[in-house]
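Chain and residue survey
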Amino acid sequence: MTHIIVLVKQVPDVSQITDNAFDPKTGNLIRTRLASVINELDAEALAFAHTMQSLMSARGKIVALTMGPPMAAEVLRYSLSRCADAAILLTDRALGGADTWATANPLAYAIRKIRKELFDSSDDYYIVAGMQSVDGDTAQVPAQIAAELQVPCVAYATEVNKTDGELTFTRIISGGSQVVRPLKKPAVITVAKYEYPLFASFARSRGAAKMQVIQWSAADVNASAVGVAGSKTRVIRVFPPGKTNRKCQELKSVAELARVIKEQLKTNAEKGHNGELNKHTYRLPDRRESLLDRSFEGTDKEIEEYHLLAQKLKALNIDDAASVNASIVDKLMADGNDFHKKTLEDMVAGLNVVKPEYTGEVWVMAEVIDGRLHEATFELVGKARELADSLSSRVGVVLVGHAVRGLGSELIAAGADRVYLVEDPLLAEFDPVSYSKAAADVFGQYKPQILLYAATPQGRVLAPMVSYQVGCGLTADCTGLEIRDSSRKGQVGILMQTRPALGGNVMATICTKDSPCQMATARPGVMKRLPPDTNRKGQIIEHKVVLSEANLSIQILKTEKAHGKVQFDSDVIISGGKGMQNRDSYDRLLDTLCESVRQRCGVRVEKGATRTAVEQGFAERIRQVGQTGTAVGPKLYVAIGISGAIQHMIGVANTEMIVAINTDPHAPILRQCDYYVIGGAETVVPELAGLLNNSKD
């Protein structure tokens, strides 16, 4: 009898966010000003679990589990009204303020308790969860639960079937999909998308209102990492994202759209390529002109305060922090109301901190797809080179796989000083358990201070499993990485990791704490690759890891990848979404427009697609643009019939100009593009192509 535990979460309704939802002083979201709803992917996970149960010959229980305040019982009632047979609320003030580490840990301990008390200690169960939650967007908790429980993890699942009496799962991989089967149970399954909604019946809704929601406290599960104290990261600041530089301008005619496209491609030759911009290069305190110089603090306020302190000390003819004693502090306090005494004491103590918090190399976890290095790996090596140079350190790359030694020279040319090579026939295919064992093993021997992963489908499951195994905090989907100080907390030379959250409605800068290393995943397309230098010299260091068949967690039954080649480094990418209606319209209309732009403007043009368009058969998986596809940054991106889901817009964020054609005047993409036309593809595209073809200028 196979049971299922579904992890659900109550989240703020980010679709209703307005400016007054944020505290104007701190930038923090005021959650009480937003309605609470079930996380959308968790609702889909419930439907997914219901399908799993229907495929089983001996149906067990479906248990909904959540961690949160007492009001989170609402999401459990929702679950009971759909398909859950029992509901458990893990609630305790001690659990508040937890990061993903201190969320996954108590949930894993709660799962152990469910296994013992509800499943009679049976291991015949699955743990199903949405891939990520909209308030965090990290996709870390399920994988970290798998690491704590030491069980298989199938991430990005989109379909479940039964083959030879066993459940099999279709999962998204870079450039395609795979059908896999966990080799043992329990197993964690994360759901990326499930198109079959599950509705509440009248009878189940009445029953759900009467059913008992079991409540457990932190003491009941006896977890080892709880709340703020058990967390491995801390938030430096939370702030609204900067005002969009997109124009969001409606064009009233297709002729105007044609003009905009021609002007963009005509004047764009002199424009540089977008990438992460850095204010100025970090220097360690003992390499600055003065030890009083603290211009690399984590927040602007801290920089201003240290600048003021340095001025006051210089006025007292003090240029050595060690000379600041209690009497000097009293003088500074008597001089005005610029500082609280505790703040001043912390700042003075911080001036005496000159050694970096972490030591070691700056590493990148390489990703290999079909024998080739993923482009995001080169982008991260470029960023690692910048970080390492500012820390006077080296760049290392961990290269895991089978018969991949030949890729080492490419990594060295891209900026690596050392390549840590782990080769084994059992690593020929990506398996989260075997790969995380290999990565954790090489980490344990060489101990880097920073380890970066690409936020790809592979990286987003591997990174949390490795980080959990080696006891490190992890920040997901970063769009900014820079070395800064937090001198008042006695930390110098730490990695400040900035990432969007709440569907991009808020930004957070995070740093690692209580960890031997700083780990982060970074979005593809955000960092900048360095030009290859084939004259660079570096080392390839072989590292042996003992692996056996027991270290494999999944059986790959089928792999589907689109054949052919796409050129997403083209000047123009024209993509179609669900609004294209069918494969014929997608091919006919996009091919027509691609050819017109190519001929009229003399630029390279490529076709793209959304994940929905791919899953409905309009285009091959290789053409998928977005978070689970390929991140792109062309001069011009034309989005036709694309609603603008956050996962897609993440993948086109580095585009210089975004143009949208859509029938829906309320489509989210219209608030994230430069120009748009309201109209159907069948009408607008032929007219646009004709205007481009007949243009004389």
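Residues numbered from 1 in each chain as written. Predicted model: local features only at pLDDT ≥ 70, side-chain atom pairs only at ≥ 80, totals over all residues. Heavy atoms only, no water.

**Structural notes on the overall build of the protein chain**
Scanning the protein chain from terminus to terminus reveals 18 helices and 31 strands. Computed over the C-alpha atoms, the radius of gyration of the protein chain is 26 Å, within 12% of the 26 Å expected from 2.2 N^0.38 for a compact globule of 697 residues. Each principal axis of the C-alpha distribution contributes one length, and for the protein chain these read about 80 × 75 × 55 Å. Within the span of the protein chain, comprising 697 residues, buried residues form 58% of the whole. Sequence-distant contacts, at least 24 apart, represent 72% of the contacts inside the protein chain between residues at least 6 apart. Surface accessibility of the protein chain: about 29,700 Å² in total, with carbon and sulfur atoms responsible for 48%. In the protein chain, 81 side chains carry a positive charge and 80 a negative one; their mean positions are 1 Å apart. (Helix = DSSP H or I, 4+ residues; strand = E, 2+ residues; numbered from the N terminus. Rg over C-alpha atoms; globule rule 2.2 N^0.38 Å. Buried < 20%, exposed > 50% of the residue type's maximum accessible area, 1.4 Å probe, protein only. Contact = heavy atoms within 4.5 Å. Areas by Shrake-Rupley, 256 points an atom, 1.4 Å probe, with all protein chains shown as cover. Lys, Arg positive; Asp, Glu negative; His and termini not counted. Charge placed at Lys NZ, Arg CZ, Asp CG, Glu CD.)

**Focus: the sheet that holds strand E8 (residues 166–173)**
Spatial ordering of the open sheet is given by E11-E5-E4-E1-E6-E10-E7-E8-E9-E26, a layout of ten strands whose pairing is mixed. Strands with a single pairing partner mark the edges of an open sheet, and in this sheet they are strand E11 (214–216) and strand E26 (554–561). The sheet shows a mean angle of 30 degrees between the axes of neighbouring strands, taken without regard to direction. Pairing of strand E4 (residues 59–67) with strand E5 (residues 86–90) involves five bridges; the strand directions are parallel. Across the sheet, the residue bridging to alanine 64 is alanine 87, located in E5. In this fold helix H4 (residues 141–149) packs onto strand E1 (2–7), strand E6 (125–130), strand E7 (153–163) and strand E10 (187–191), with an angle of close to 175 degrees to the strand it touches most, E10. (Pairing = 2+ DSSP bridges. Axes fitted to C-alpha atoms, helices over the stretch in contact; angles between N-to-C directions.)

**Here's the deal with the pattern of salt bridges**
When charged atoms on two side chains of opposite charge get close, those side chains can pair. Counted by the stated rule, this structure contains 38 salt bridges. The closest approach of N and O atoms between aspartate 135 and lysine 9, which form a salt bridge, is 3.1 Å. Here aspartate 135 is found in the loop between E6 and H4, whereas its partner lysine 9 is found in the loop between E1 and strand E2 (10–12), with 126 residues between them in sequence. On the basis of relative accessible area, lysine 9 is assigned to the partly exposed category, the value being 31%. Its salt-bridge partner being arginine 460, residue aspartate 477 comes within 2.9 Å of it at the nearest N-O pair. Remark: arginine 460 occurs in helix H14 (residues 459–470) and aspartate 477 occurs in strand E20 (residues 474–478); sequence separation between them is 17 residues. Overall, arginine 460 belongs to the buried group, its relative accessible area being 4%. Each member of the salt-bridge network shares a partner with another, and the members are Arg583, Asp587, Asp591, Glu606, Lys607, Glu620 and Arg623. (Salt bridge = Lys/Arg side-chain N within 4 Å of Asp/Glu carboxyl O.)

**Here we look at unusual backbone geometry**
With omega at 5 degrees, the peptide bond leading from lysine 185 into proline 186 counts as cis. On the secondary structure map, proline 186 appears in the loop between strand E9 (176–182) and E10. Look at alanine 139: it is not a glycine, yet its phi comes out positive at around 60 degrees. You can see alanine 139 is positioned in the loop between E6 and H4. For alanine 139, a relative accessible area of 10% translates into the label buried.

**Digging into the side chain of glutamine 458**
Its location among the elements puts glutamine 458 in the loop between strand E19 (450–454) and H14. Contact partners of glutamine 458, with chain neighbours within four places excluded, come to Glu367, Val368, Ile369, Phe430 and Tyr435.

**Quick look at the pairing of E6**
For E6, the tally of buried residues reaches six of six residues, placing the bulk of the element in the interior. With burial as the criterion, each face of E6 is covered, one bearing Tyr125, Ile127 and Ala129 and the other bearing Tyr126, Val128 and Gly130. The pairing of E1 with E6 spans five bridges and is parallel. Residue pairing across strands places isoleucine 5 opposite isoleucine 127, the latter belonging to E6. Judged from the five bridges that link them, E6 and E10 form a sheet pairing that is parallel. Paired with glycine 130 across the two strands is valine 191, which belongs to E10.

**Here we look at the packing of aromatic side chains**
The final tally for this structure, using the stated rule, is eleven aromatic pairs. Relative to tyrosine 125, the ring of phenylalanine 119 has its centre 5.6 Å away and its plane inclined at 50 degrees; by these criteria the two rings are tilted. Of the two residues examined, phenylalanine 119 and tyrosine 125, each falls in the buried class. Taken together, the ring pairs in this structure connect Phe48, Tyr126, Phe169, Tyr194 and Tyr196 into an aromatic cluster. Sitting above the plane of the tryptophan 216 ring, lysine 113 keeps its charged end 5.0 Å from the centroid. When the ring centre of phenylalanine 378 is taken as origin, the NZ or CZ atom of arginine 529, which lies over that ring, is 3.8 Å away. (Phe/Tyr/Trp six-rings, centres within 6.5 Å; stacked < 30°, edge-to-face > 60°. Lys NZ or Arg CZ within 6 Å of the ring centre and 35° of its normal.)

These results come straight from atomic positions and should not be treated as a statement about function.
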